[in-house]
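Structural description and commentary
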Amino acid sequence: MDGLPTRKEVFAFAYDPKDPKHLFVGLRDGIVLSQDEGRQWALLKQSPKGVRAILFHPKDSGKIFAGAGDGKIFISKDRGRTWRLQNR
Amino acid sequence: MKKRTLVWIIMGFVLALNRGNLSARQIEHLNALAIAGSEGVLLAATPKSLYESRDEGRTWRKKVLKGNAQGNDFTTIVVDPSNPKLVYAGGRDLSVVRSSDGGVTWSEEAKGLPTKAILALAIDPTKPTTLHAWAGKQGMYRTKNGAKDWSRVDFGPNHEITSLTSVPIPTGMGGIYLYAGTVGGLFRSPDCF
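Presented here is an overview of the structure given in this document. (Residues numbered from 1 in each chain as written. Chains lettered and ligands numbered in written order. Predicted model: local features only at pLDDT ≥ 70, side-chain atom pairs only at ≥ 80, totals over all residues. Heavy atoms only, no water.)

1. Some points on the overall build of chain A
Within chain A, the secondary structure is distributed over 0 helices and 9 strands. Moving toward the C terminus, one meets the helices and strands of chain A in the order β-β-β-β-β-β-β-β-β. Relative to the globule expectation of 12 Å for 88 residues, the C-alpha radius of gyration of chain A, 12 Å, shows essentially globular dimensions. Of all 88 residues assigned to chain A, the portion counted as buried reaches 58%. Once local pairs closer than 6 in sequence are excluded, the contacts in chain A between residues at least 24 apart make up 23%. Split by element, the accessible area of chain A, about 4,300 Å² in all, is 47% carbon and sulfur. Averaging the coordinates of the 17 positive side-chain charges in chain A and doing the same for the 10 negative ones gives two points 6 Å apart. (Helix = DSSP H or I, 4+ residues; strand = E, 2+ residues; numbered from the N terminus. Rg over C-alpha atoms; globule rule 2.2 N^0.38 Å. Buried < 20%, exposed > 50% of the residue type's maximum accessible area, 1.4 Å probe, protein only. Contact = heavy atoms within 4.5 Å. Areas by Shrake-Rupley, 256 points an atom, 1.4 Å probe, with all protein chains shown as cover. Lys, Arg positive; Asp, Glu negative; His and termini not counted. Charge placed at Lys NZ, Arg CZ, Asp CG, Glu CD.)

Take a look at the structure:
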């Protein structure tokens, strides 16, 4: 396997089903997005930190769920620009 | 006892009961998420079994698992994108299990796997009967027949995998890429070998 630029600990990973070159990675500092298969990355401001799961809704790819290790669930309805805590 | 005091005591009991119910409707740990079934139920793989939410993650209920899923420590869960009722899950103590009714009834699908500890699963969205399973130090395994049997592929990356995903980006060699999120970064491998 060849290494991609993200060398930090990866907690979660997902791709956008509408455009699989758009990759989302959950890091300790938040969720980062690459729009070119992983060559360049940008932090999604306001994204939840340390999430263990990132999930695109299969029928509405604008809607993304993120789950933290402690059970907190976050939802974004604008492809990751803004996030809202669903529970707690 | 005065009537007003009694009312306050009853209200206190009611509040305490409600708090208990709310905490029971949450999950304390989470390893993976998936959406399954025709109703789009959100499933959470946790160390204490599978949980489901029908309100986009606000409240959760522990699933009653039928069939022969032997363990509880779920690490990973994926859904067939062409059939949302077909769900695969793995865990530290249950190998790979498969459900064809959206996660209600499960059967163990471990033929060819070397261990009960399956830490990550990926389903190929272009050929959903092909899945990869990471069995920790035992290596990477693959099925091409919907988990009926598995065969070893290789060691996988040199780091502990936290998430495994088949991404429909063509490799140029007839396959797609298998991405592995690990404690040492993100890796990818052409899955055609």
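2. Quick look at the overall build of chain B
Check the secondary structure of chain B and you find 1 helix and 16 strands. Across chain B, the fraction of contacts at a sequence separation of at least 24, relative to all contacts at a separation of at least 6, is 37%. Accessible surface computed for chain B: about 9,500 Å², of which carbon and sulfur atoms make up 54%.

3. Some remarks on the interface of chain B and chain A
With 38 residues of chain B in contact, the opposing surface of chain A contributes 40 residues. Summing the contributions of chain B and of chain A, the shared interface buries around 3,000 Å²; its carbon and sulfur component is 61%. Contact with chain A buries surface across chain B, with B:E56, B:L186 and B:R188 losing the most and accounting together for 22% of the total. The interface formed by chain B and chain A contains 2 salt bridges. (Buried area = accessible area lost by both parts, 1.4 Å probe. Salt bridge = Lys/Arg side-chain N within 4 Å of Asp/Glu carboxyl O.)

4. Focus on the environment of A:V10
Structurally, A:V10 is set in the loop between β1 (2–3) and β2 (12–16). When the C-alpha atoms of A:V10 and A:F74 are compared, they prove to be 18 Å apart, with 64 residues separating the residues in sequence. Each residue touching A:V10, except ones within four places of it in the same chain, is listed here: A:V25, A:G26, A:L27, B:T162, B:G181, B:T182, B:G185 and B:L186.

5. Examining the pattern of salt bridges
Taken as a whole, this structure holds 13 salt bridges over all chains when the rule is applied. Between A:R28 and A:E9 there is a salt bridge, with its nearest N and O atoms 3.0 Å apart. On the criterion of sequence distance, the pair formed by A:R28 in the loop between β3 (19–27) and β4 (30–34) and A:E9 in the loop between β1 and β2 is long-range, its members being 19 residues apart. Look at A:E9 and you get partly exposed, because its relative accessible area is 28%. Residue B:E52 is joined to B:K63 by a salt bridge in which the shortest nitrogen-to-oxygen separation is 2.8 Å.

6. Structural notes on the environment of A:P20
Within the secondary structure layout, A:P20 lies in strand β3. The spacing of A:P20 and A:L44 is 24 residues in sequence and 18 Å in space, taken between C-alpha atoms. Not counting the four nearest positions on each side in its chain, A:P20 is found in contact with A:Y15, B:V167, B:P168 and B:I169.

7. Considering unusual backbone geometry
Backbone geometry at A:E37 places phi at a positive 70°, although glycine is not the residue there. Along the chain, A:E37 turns up in the loop between β4 and β5 (42–43). Exposure remark for A:E37: the relative accessible area of 13% places this residue in the buried category. One non-glycine residue, B:S95, lies in the positive phi region at around 55°. Mapping B:S95 onto the fold places it in strand β8 (residues 95–99). Assessed through its relative accessible area of 2%, B:S95 is described here as buried.

8. Here we look at the sheet that holds β8(B)
Within a sheet, adjacent strands bond to each other through the backbone by hydrogen bonds, running parallel or antiparallel. Residue and element names in this part refer to chain B. Pairing is mixed across the open sheet formed by 5 strands, whose spatial order is β5-β9-β8-β7-β6. Looking at which strands have only one partner, the edges of the open sheet turn out to be β5 (66–67) and β6 (74–79). Inspection of the sheet shows strand β7 (residues 87–91) paired to β8 by 5 bridges, in the antiparallel sense. Bridging from a neighbouring strand, G90 pairs with V96 of β8. (Pairing = 2+ DSSP bridges.)

9. Let's talk about the nonpolar core
Residue and element names in this part refer to chain B. F74, I77 and V87 are the most contacted members of the largest nonpolar core, which has 15 residues in total. Elements that contribute at least two residues to this core include exactly β1 (32–36), β2 (41–46), β6 and β7. In this structure, F74 is in contact with N31, A45, T46, P47, S49, L50, L65, A89, G90, G91, L94 and V97, ignoring residues within four places of it in sequence. (Core = buried A, V, L, I, M, F, W, Y, C linked by side-chain atoms within 4.5 Å.)

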